[in-house]
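Below are the chains, spelled out letter by letter.
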Amino acid sequence: MALITRRGMLIGGAAGSGLLLAGCDKILQGDHLNGSASFQRVLAAAQGWTLSSQRFLLGGGALAREFKPSDISRHFKANGTSHPGGEDYARHLEEGFANWRLRVDGMVARPLSLSVDEIRRLPARTQITRHDCVEGWSAIGQWTGAPLGPILKAAGVAPGAKYAIFYCADNLEGEPAKGGQQSPGQYYESLALVDCFHPQTLIAYDMNGAPLGVPYGAPLRLRVERQLGYKHAKYVQRIRITDTLAGVSGGKGGYWEDRGYEWYAGI
Amino acid sequence: MARNGSSPNEVIYRHTFLVRLTHWVNALTIFVLIGTGLNIFNAHPQLYWGQAGNSADRPVVAIHAMNTAHGIRGVTTIGSVHFDTTGWLGWSRMHGQWIGRAWPSWITIPSFVDLADARHWHFFFAWVLAANGLVYLLWSLSIRHVQRDLWPTLGDLKSIPRSVLDHVKLKHPTGEAAKRYNVLQRLAYLGLILLVIGMVSTGLTLSPGFNAFAPWLLDLFGGRQSARTLHFAFAFSIIAFIVVHLVEVVLAGPINEVWSMISGRYRVPREHG
């Protein structure tokens, strides 16, 4: 009898965990099913806990670790878009980005339109930091750029503004997810203003001492060191200050956010 | 189960309500964390040692599908040793079709590629694990459960060789000896507490935001990629614990053991006459 019980336990245990696994799939695939949507909402609450706890812990504006030149990765994996297609970008590349503009507009007192040279003449910061991809890998690189805070200060952020939305020149094909294909879309990102004014948040133009290569976001990219790689928008053309993320693409505040990833990517 | 003429087994109150509650929350939480963790691993199925590491660097562990003279095979590499793991790791079947994925679909949550949702689930249940563990630890320390029932005495430590032998012979304690945890149980449960602390702290070291708050964790674990590797190593130590734990439950009398973790009441096995 004991033997039957033990075998039964094993079979029951295996069947039970199989059912649990299948149940997890059901919850994810069947948004129309009763309860699964609210279950997903409960799970999404964890994003709020992470954001609040990190905002609390990082309240003093703690810096991301900076590394030694000898720590710089020999190969820095280029992810996402490796070359924005299109005639416009090709022309800019041919012109050495002489006519590339970074516009700053939206809820600002003085909209700006800056050339790459003008940004290069602003006070600069150089930092050697670790870039963490949401997939799990990391690479260390040296970045030089203009801190974003003073640029936004020059533009004069209006009271009530909450976010900066970064518009990029690349259209990303996307990767398979949820068992299907991702839809292509224009890349964009957004940050809370508190992260824009962090001293390590840069509009970067140099990487490892040379102008940004095309796979790394030439001529201008965002560095926001305390968050994951997908927040570091490449090929940035426009920064719009706003009080809402609604109305842009999927309304979740970024290309990957619209495809289910966390808006706050400090984890 | 009283037999003819013999007295019924003694029943003791073995597990307090909080131990039982946190045990089952832990069980469900770790189940989801392992499944979603393996799904997350599949997004970049390589582990490194150091601060950084990506496809251009030499991994310490890698699971891939590879083109070989014998067709596509699943290959798992640990250090410089390659293992053919076709059918299990690297190259396995999903709904009858062969696909390249590090961990097979039957073990990951969800079964399909879904890094975004796997992360949402993982972080939600990580919060539950941490909160549940904290409640358990504070409560257990305050009622001296850890000190009394888990911390081994000198006598316990001296009995390790005998206890190992008993376990190998599948001999389970009876009578008075069965009313307290034996030394291997004590060490295993204390070890699990340390492993969960290790999981939470290596997990937090993977967060670039948390790195800015506690950069010393990067030094403690030797970098973010080392922490990712350790996160994985600790997870597999927990899986090893669970396997041994379940085998022991089955061997020791599954109904009595499981029921005692539900009701708290444990039927003490009688001394062998």
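Because the structure is predicted, anything quoted here is derived from the model rather than measured.

Calculation rules
- Residues numbered from 1 in each chain as written.
- Chains lettered and ligands numbered in written order.
- Predicted model: local features only at pLDDT ≥ 70, side-chain atom pairs only at ≥ 80, totals over all residues.
- Helix = DSSP H or I, 4+ residues; strand = E, 2+ residues; numbered from the N terminus.
- Buried ≥ 20, exposed ≤ 12 C-beta atoms within 10 Å, placed from the backbone.
- Contact = placed C-beta atoms within 7 Å.
- Pairing = 2+ DSSP bridges.
- Core = buried A, V, L, I, M, F, W, Y, C linked by C-beta atoms within 7 Å.
- Domains from an automatic or database assignment.
- Nonpolar A, V, L, I, M, F, W, Y, C, P; charged D, E, K, R; others polar.
- Axes fitted to C-alpha atoms, helices over the stretch in contact; angles between N-to-C directions.
- Parallel < 35°, antiparallel > 145°, perpendicular 65-115°, else oblique.
- Left-handed = near helix turned anticlockwise from the far one by under 90°.
- pLDDT = per-residue confidence, 0-100.

(A) Structural context of the overall build of chain A. The number of helices and strands found in chain A is 6 helices and 10 strands. By principal-axis analysis of the C-alpha atoms, chain A measures approximately 85 × 45 × 45 Å. Classification of the 267 residues of chain A by burial places 38% in the buried group. Of the contacts made within chain A by residues no fewer than 6 positions apart, 68% connect residues no fewer than 24 positions apart.

(B) Molecular detail of the overall build of chain B. The helix and strand inventory of chain B stands at 10 helices and 8 strands. For chain B, the C-alpha atoms occupy an extent of roughly 70 × 50 × 35 Å along the three principal directions. In chain B, the share of contacts with a sequence separation of at least 24, taken over all contacts with a separation of at least 6, comes to 62%.

(C) Up close: the sheet that holds strand 5 (residues 81–84) of chain B. Residue and element names in this part refer to chain B. Taken in spatial order, the 4 strands make up an open sheet running 2-3-4-5, and their pairing is antiparallel. What marks the edges here is a single partner per strand, and that holds for strand 2 (46–47) and strand 5. Both strand 2 and strand 3 (residues 61–68) contribute to a ladder of 2 bridges, which runs antiparallel. Along strand 3, the bridge assignment pairs Gln46 with Ala62.

(D) How the structure looks around the nonpolar core. Counting residues in each nonpolar core, the largest one holds 82 residues, and the members touching the most others are Ala164, Phe166, Cys168, Ile203 and Val236 of chain A. It is helix 2 (residues 115–142) of chain B that provides the largest number of residues to this core, a total of 8 residues. When residues of this core are assigned to domains, at least three map to each of domain 1 (11–45 + 106–267) and domain 2 (46–102) of chain B. If we skip the residues at most four places from it in the chain, Val236 of chain A touches Leu102, Phe166, Cys168, Ile203, Leu220, Arg221 and Leu222 of chain A.

(E) Spatial organisation of the pairing of strand 10 (residues 236–242) of chain A. Looking at chain direction, strand 1 (residues 101–106) of chain A and strand 10 of chain A are connected through 4 bridges and run parallel. Paired with Gly106 of chain A across the two strands is Ile241 of chain A, which belongs to strand 10 of chain A.

(F) Layout of the interface of chain B and chain A. Chain B puts 39 residues into the contact, and the matching count from chain A is 49 residues. Contributing elements (two or more residues each) for the side of chain B that touches chain A: helix 1 (17–42), helix 2, helix 7 (208–213), helix 9 (224–252) and helix 10 (254–263) of chain B. In terms of residues, the side of chain B that touches chain A owes the most to one element, helix 2 of chain B, which gives 8 residues. Grouping the constituent residues of the side of chain B that touches chain A by class yields 23 nonpolar, 12 polar and 4 charged.

(G) Summary view of the domain arrangement of chain B. Residues and elements named next belong to chain B. Under the domain assignment used here, chain B contains domain 1 (11–45 + 106–267) and domain 2 (46–102). Taken together, the contact between domain 1 and domain 2 spans 12 residues of the former and 14 residues of the latter. Elements that contribute at least two residues to the side of domain 1 that touches domain 2 include exactly helix 1 and helix 9. Class assignment for the residues of the side of domain 1 that touches domain 2 results in 3 nonpolar, 7 polar and 2 charged.

(H) Structural context of the sheet that holds strand 6 (residues 185–192) of chain A. All names here are of chain A. Here 5 strands make up an open sheet; going across it, the order is 2-1-10-5-6 and the pairing mixed. Edge positions in the sheet fall to strand 2 (112–115) and strand 6, since each has one partner strand and no second. Taking each pair of neighbouring strands and ignoring which way they run, the sheet shows an average axis angle of 20°. Across 6 bridges, the pairing between strand 5 (residues 163–172) and strand 10 is antiparallel. Each bridged residue has a counterpart across the sheet, and for Tyr167 the counterpart in strand 10 is Arg238.

(I) Inspection of the packing of helix 6 (residues 183–205) of chain B against helix 9 of chain B at higher detail. All names here are of chain B. The geometry of helix 6 relative to helix 9 is characterised by a closest axis approach of 9 Å and an angle of 150° between their N-to-C directions. Relative to helix 9, the element helix 6 lies roughly antiparallel. Where helix 6 crosses over helix 9, the handedness of that crossing is left-handed. Every residue of helix 9 that contacts helix 6 at Ala188, Leu192, Leu195, Gly198, Met199, Thr202, Gly203 and Thr205 is listed here: Arg224, Ala227, Leu230, His231, Phe234, Ala235, Ser237, Ile238 and Phe241.

(J) View of the packing of helix 2 of chain B against helix 6 of chain B. Residues and elements named next belong to chain B. Close contact between helix 2 and helix 6 brings their axes to 11 Å; oriented N to C, the two are set at 140°. Classified by the angle between their axes, helix 2 and helix 6 sit oblique to one another. Considering how the two elements wind past one another, helix 2 and helix 6 form a crossing that is left-handed. In contact with Ala126, Leu129, Ala130, Gly133 and Leu137 of helix 2, helix 6 contributes Ile193, Val196, Val200 and Gly203. Class assignment for the residues of the contact of helix 2 with helix 6 results in 7 nonpolar, 2 polar and no charged.

(K) Region of the structure containing the pairing of strand 4 (residues 138–147) of chain A. All names here are of chain A. Counting buried positions over the 10 residues of strand 4 gives 9, a clear majority of the element. Relative to strand 4, strand 3 (residues 125–132) is paired through 8 bridges, and the arrangement is antiparallel. Pairing of Asp132 across the sheet is with Ser138, part of strand 4. With 5 bridges connecting them, strand 4 and strand 7 (residues 202–207) associate as antiparallel partners. Considered in strand 7, the bridge of Ala146 is made with Ile203.

(L) Up close: the environment of Gln47 of chain A. Residue and element names in this part refer to chain A. Mapped onto the elements of the fold, Gln47 is located in helix 2 (residues 36–57). Gln47 sits 218 residues away from Ala265 along the chain, and the two C-alpha atoms are 9.3 Å apart. Filtering out sequence-adjacent residues up to four positions away, Gln47 remains in contact with Glu262 and Tyr264.

(M) Layout of the confidence of the model for chain B. Across chain B, pLDDT averages 94, with 97% of residues at or above 70. Confidence estimates for the predicted assembly give a pTM of 0.93 and an ipTM of 0.91.

(N) Molecular detail of the environment of Asp149 of chain B. Note that Asp149 of chain B resides in helix 3 (residues 145–150). Using a count of 17 C-beta atoms within 10 Å as the deciding quantity, one classes Asp149 of chain B as partly exposed.

(O) Up close: unusual backbone geometry. Along the chain, Ala218 of chain A connects to Pro219 of chain A via a cis peptide bond; the corresponding omega equals 0°. Among the structural elements, Pro219 of chain A can be located in the loop between strand 8 (210–211) and strand 9 (221–223). For the peptide bond that leads from Ile109 of chain B to Pro110 of chain B, omega is -10°, which places it in the cis range. For Pro110 of chain B, the location among the structural elements is in the loop between strand 7 (97–101) and helix 2. Residues other than glycine seldom take positive phi values, yet Ser249 of chain A does so here, at roughly 45°. Relative to the helices and strands, Ser249 of chain A resides in the segment after strand 10. In this structure Ser249 of chain A comes out as partly exposed when scored by C-beta crowding, with 16 C-beta atoms within 10 Å. The backbone of Arg144 of chain B sits at a positive phi, close to 65°, despite the residue not being glycine. Mapped onto the elements, Arg144 of chain B comes out in the loop between helix 2 and helix 3. Residue classification places Arg144 of chain B among the exposed residues on the basis of 10 C-beta atoms within 10 Å.

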